[in-house]
Amino acid sequence: MSLFQYDFMIRALIGALIIGLTAPALGIYLVQRKLSLIGDGIGHVALTGVGVGLLTNQSPVYTAVIVAAIGAIGVELVRERGRTSGDLALAVLFYGGIAGGVVLVGLSPKGGAGNSLTAYLFGSLTTTSPSDLTVIVVLGLIVLLAMVALRPALFAICHDEEYARVSGLPVRALNLLLAVTTAVTVTIAMRAVGLLLVSALMVVPVAAAQQVTRGFRATMALAMLIGLVSAGAGVTLAGEANTALGATIVLLTIAVFLGLAIGAAVWRLVRRRMLPAAPVAAEPPDVVLGR
Amino acid sequence: MNEIVSVSHGVVGYDGRPVLRDVSLTVSAGEVVAILGANGSGKSTLIRTILGLVPLSGGAIALFGTPQRRFRQWHRVGYVPQRLDAGGGVPATVGEVVASGRLARRGVFRPPGRADRAAVASALEAVGLSDRVRDPVATLSGGQQQRTLIARALAGEPELLVLDEPTAGVDSTSQVAFAAALGGFLGTGGTVLLVAHELGPLQPLIQRAVVVHDGRIAYDGPEIPEPAGHHADAGHDHQHQHCAEDPSLAIVRGAVDR
């Protein structure tokens with residue numbers, strides 16, 4: 001295909017595929033915890049890291065990973081305490097992150113034109129350098145491996161944290177692992193879809209998959225497949241139609257979500273019509289009898 | 001006798017408000033102990049403290065003869081919490097939830113093996129949910145969800161089972177299945193510590209009752225105190241809110257009257 005005769009397109013494709021696979025593998029744990037929007041918040045914090053990188057002439061990917069990881073650990077500590085004031089603390093952290101980022105990027109010599117800010121907010125995978133790609137691939141594969149290999153334990157802490165604690169699992173270490181890997185995923189996905197759309201790649205494939213799945217493992221596998229296919233198709237489509245890459249991938253995942261949601265609803269309707277005589281589930285009524 | 005749980009002069013407070021004032025309790029191997037009391041009496045706090053979910057502010061706790069702080073053999077303890085509300089944001093099958101009960105024994109890094117699958121299958125059989133393994137937990141009735149949680153605890157093949165209000169709001173079919181599962185566990189030499197508001201079909205299994213009132217142990221003995229009179233009516237409507245009188249007081253009175 002002519003589109004992929006350019007090295008930068010090949011790099012964009014590889015980067016997008018890794019992120020398409022990794023983001024839902026991590027995101028499923030966040031969705032399980034009903035923290036779907038946490039990736040968005042960490043993305044805000046990562047922008048400050050980008051600002052620090054541009055200002056100090058370091059690679060923005062590295063500084064963003066470090067700052068986002070510090071932010072994610074802070075979020076985890078707030079969550080662990082379960083204080084009601086935690087909600088506001090998170091809001092302050094997230095807005096501080098994005099405001100700090102905008103100010104720092106503006107102060108840096110390269111950021112004056114405002115172009116680079118857009119690249120981080122909305123992604124610019126086609127400008128990814130070979131060394132950036134190496135970072136994306138290595139970190140992405142590490143996160144992927146951890147999420148898949150530790151699935152039973154991560155499922156346990158996200159499903160019922162108290163039970164996991166009584167089971168003697170290293171709950172705190174696993175929570176911190178999840179926090180740090182969230183930060184890493186946000187940062188590497190920043191190049192593809194941008195900080196403002198990172199959370200979409202973590203959450204939407206999971207939401208799409210669970211329209212048709214019944215279990216956690218099946219949801220995880222299908223979400224990763226949806227992420228992978230959307231990323232691949234998105235790169236191709238964006239290259240052909242010359243649309244923004246990150247936004248194209250996200251729109252594709254949303255299209256899959258809508259397709260599966262509608263398909264599942266129609267399937268349920270058809271099945272009900274086809275089997276009108278199917279016995280209503282004979283569940284015992286949920287009441288307590290006296291002794 | 002072999003002491004499984006021992007609490008001596010336990011004191012617990014939330015934000016400076018005392019919940020347990022001076023509680024001493026010993027559970028020996030093979031015993032079936034029910035902790036009874038009104039809502040807010042501290043009975044749930046007592047077992048949560050024993051499990052290490054609530055910090056002790058005074059006194060000492062030992063599990064299997066080891067001070068709780070140094071206790072690491074959590075696979076010997078099976079915990080059945082009060083029912084989870086339909087789980088998290090992602091569907092999970094009954095089999096997946098029950099399989100997480102094996103982690104205490106298996107550890108975080110080892111993938112499940114044949115012994116793990118066999119233990120999950122037999123735990124599901126014990127609670128009568130073998131045919132629901134692949135169903136999402138959220139599609140089960142409340143009683144079946146509660147049975148899923150006891151299967152999760154049994155899957156770890158514990159020596160001590162700790163249950164928090166296992167029969168609250170559970171349909172009668174599930175209560176009977178529950179009692180059968182508990183009976184099976186006792187048959188293997190297990191020890192049970194449970195918190196309950198009503199015992200229902202579990203009553204014949206209970207060997208000893210401990211009544212917690214106002215953060216202290218008000219009664220500890222082999223007789224199971226009858227709860228307030230109208231509660232014992234066979235056809236009575238299940239509403240706890242209507243108890244104008246403090247039910248735990250009635251429990252203690254009932255015990256003393258005998």
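Residues numbered from 1 in each chain as written. Chains lettered and ligands numbered in written order. Predicted model: local features only at pLDDT ≥ 70, side-chain atom pairs only at ≥ 80, totals over all residues. Heavy atoms only, no water.

## Here's the deal with the overall build of chain B
Argument step 1. From N to C terminus, chain B includes seven helices and 10 strands.
Argument step 2. Taking as baseline every contact in chain B between residues at least 6 positions apart, the subset at least 24 positions apart corresponds to 69%.
Argument step 3. Surface summary for chain B: the accessible area is close to 10,900 Å², and the carbon and sulfur share equals 51%. (Helix = DSSP H or I, 4+ residues; strand = E, 2+ residues; numbered from the N terminus. Contact = heavy atoms within 4.5 Å. Areas by Shrake-Rupley, 256 points an atom, 1.4 Å probe, with all protein chains shown as cover.)

## Here we look at the overall build of chain A
Argument step 1. Of the regular secondary structure elements, chain A holds 12 helices and zero strands.
Argument step 2. The order of α-helices and β-strands along chain A, N terminus first, is α-α-α-α-α-α-α-α-α-α-α-α.
Argument step 3. Looking at chain A as a whole, 49% of its 291 residues qualify as buried.
Argument step 4. Intrachain contacts of chain A at a sequence separation of at least 6 include 75% that bridge at least 24 residues. (Buried < 20%, exposed > 50% of the residue type's maximum accessible area, 1.4 Å probe, protein only.)

## Notes on helix α11 (residues 216-241) of chain A
Argument step 1. For α11 of chain A, spanning 26 residues, the distance from its first C-alpha to its last is 36 Å, which sits close to the expected 38 Å at 1.5 Å a residue.
Argument step 2. Where α11 of chain A ends, the next residue or the one after it, N242 of chain A, has phi of about 55 degrees, a positive value. (Expected span 1.5 Å × (residues − 1).)

## A closer look at the sheet that holds strand β9 (residues 208-213) of chain B
All names here are of chain B.
Argument step 1. Across the sheet, which stays open at both edges, the six strands sit in the order β6-β7-β8-β3-β9-β10 with mixed pairing between neighbours. The open sheet has two edge strands, β6 (77-80) and β10 (216-221), and neither has a second partner. Going across the sheet, the axis of each strand differs from the next one's by a mean of 15 degrees, ignoring polarity.
Argument step 2. Across five bridges, the pairing between β9 and β10 is antiparallel. Of the residues in β10, the one forming a bridge with V212 is I217.
Argument step 3. Most of the contacts of helix α1 (residues 43-50) go to strand β8 (residues 191-196), to which it runs at about 145 degrees, and overall it touches β3 (32-36), β6, β7 (160-164), β8 and β9.
Argument step 4. Across the sheet, helix α5 (residues 142-155) touches β6 and β7, and the angle it forms with β6 is around 170 degrees. (Pairing = 2+ DSSP bridges. Axes fitted to C-alpha atoms, helices over the stretch in contact; angles between N-to-C directions.)

## What to know about the nonpolar core
Soluble globular proteins tend to pack their nonpolar side chains together in the buried interior.
Argument step 1. Y29 and M147 of chain A together with I150, L163 and L194 of chain B are the most contacted members of the largest nonpolar core, which has 125 residues in total.
Argument step 2. In this view, Y29 of chain A contacts M147, R151, L154, F155, C158, L178, F216 and M220 of chain A; residues no more than four positions away in its chain are not counted.
Argument step 3. Core analysis: the second largest hydrophobic core is formed by 31 residues, L20, L63, F64 and V77 of chain B among them. (Core = buried A, V, L, I, M, F, W, Y, C linked by side-chain atoms within 4.5 Å.)

## Details of the confidence of the model for chain B
All names here are of chain B.
Argument step 1. Per-residue confidence for chain B gives a mean pLDDT of 84; residues scoring 70 or more make up 85%.
Argument step 2. Of all the helices and strands in chain B, helix α7 (residues 247-257) carries the lowest mean pLDDT, 47, while helix α2 (residues 94-99) carries the highest, 95.
Argument step 3. Confidence drops under a pLDDT of 50 for residues 229-249, and excluding neighbours within four residues, the segment shows 31 contacts in the predicted structure. (pLDDT = per-residue confidence, 0-100.)

## As for the packing of helix α3 (residues 60-81) of chain A against helix α9 (residues 171-193) of chain A
All names here are of chain A.
Argument step 1. Direction vectors running N to C along α3 and α9 enclose 145 degrees, while the axes themselves pass 8 Å from each other. Once α3 is placed against α9, the crossing between them reads as right-handed. Residues P60, V61, A64, V65, A68, A69, A72, I73, E76, L77, R79 and E80 of α3 form the contact with α9, whose participating residues are R172, N175, L176, A179, V180, A183, V184, T187, M190 and R191. (Left-handed = near helix turned anticlockwise from the far one by under 90°.)

## With respect to the environment of V210 of chain B
Residues and elements named next belong to chain B.
Argument step 1. Tracing the backbone shows V210 in strand β9.
Argument step 2. V210 sits 175 residues away from I35 along the chain, and the two C-alpha atoms are 4.7 Å apart.
Argument step 3. In this view, V210 contacts L25, V33, A34, I35, L36, I217, Y219 and D220; residues no more than four positions away in its chain are not counted.

## Considering the interface of chain B and chain A
Argument step 1. Counting residues at the interface gives 51 residues for chain B, matched by 37 residues for chain A.
Argument step 2. In total, about 3,600 Å² of surface goes out of reach between chain B and chain A, with carbon and sulfur atoms giving 57% of it.
Argument step 3. When the area that chain B buries against chain A is broken down by residue, the three leading residues are V90, P91 and V108 of chain B, summing to 17%.
Argument step 4. Across the chain B-chain A interface, the total number found is three salt bridges. (Buried area = accessible area lost by both parts, 1.4 Å probe. Salt bridge = Lys/Arg side-chain N within 4 Å of Asp/Glu carboxyl O.)

## Description of the packing of aromatic side chains
Argument step 1. As enumerated under the stated definition, the model contains five aromatic pairs over all chains in all.
Argument step 2. A centroid spacing of 5.7 Å and a plane angle of 40 degrees characterise the contact between Y29 of chain A and F216 of chain A, whose relative ring orientation is tilted. A residue pair is termed long-range when its members are at least 10 positions apart, and Y29 of chain A in helix α1 (residues 7-32) and F216 of chain A in helix α11 qualify at 187 residues. Neither Y29 of chain A nor F216 of chain A differs from the other in exposure class; each is buried.
Argument step 3. Its guanidinium or amino end placed over the ring of F64 of chain B, R76 of chain B lies 4.1 Å from that ring's centre, counting from NZ or CZ.
Argument step 4. The positively charged end of R152 of chain B is found above the aromatic ring belonging to Y163 of chain A, 3.6 Å away from the centroid. (Phe/Tyr/Trp six-rings, centres within 6.5 Å; stacked < 30°, edge-to-face > 60°. Lys NZ or Arg CZ within 6 Å of the ring centre and 35° of its normal.)

## Section: the sheet that holds strand β2 (residues 17-28) of chain B
Residues and elements named next belong to chain B.
Argument step 1. With antiparallel pairing, four strands are arranged side by side in an open sheet as β2-β1-β4-β5. Edge positions in the sheet fall to β2 and β5 (66-67), since each has one partner strand and no second.
Argument step 2. Strand direction decides the pairing type here: strand β1 (residues 3-14) and strand β4 (residues 58-63), joined by five bridges, are antiparallel. By the bridge assignment for β4, V11 is matched with G58.

## Let's talk about the environment of A183 of chain A
Residue and element names in this part refer to chain A.
Argument step 1. Mapped onto the fold, A183 is located in helix α9.
Argument step 2. Owing to a relative accessible area of 0%, A183 belongs among the buried residues under this scheme.
Argument step 3. Separated by 113 residues in sequence, A183 and I70 have C-alpha atoms that sit 8.5 Å apart.
Argument step 4. Not counting chain neighbours up to four residues away, the residues in contact with A183 comprise I42, V65, A68, A69 and A72.

## Some words on the pattern of salt bridges
Any two side chains of opposite charge can pair, so long as their charged atoms come close to each other.
All names here are of chain B.
Argument step 1. Taken as a whole, this structure holds 16 salt bridges over all chains when the rule is applied.
Argument step 2. Note that K43 is salt-bridged to E165, the shortest N-O span being 3.4 Å. With K43 in helix α1 and E165 in the loop between β7 and α6 (172-187), the pair connects residues that are 122 residues apart, well separated along the chain.
Argument step 3. For D116, the salt bridge goes to R102, with nearest N and O atoms at 2.8 Å. Linking D116 in helix α4 (residues 114-126) with R102 in the loop between α2 and α3 (103-106), this pair joins segments that are 14 residues apart in sequence.

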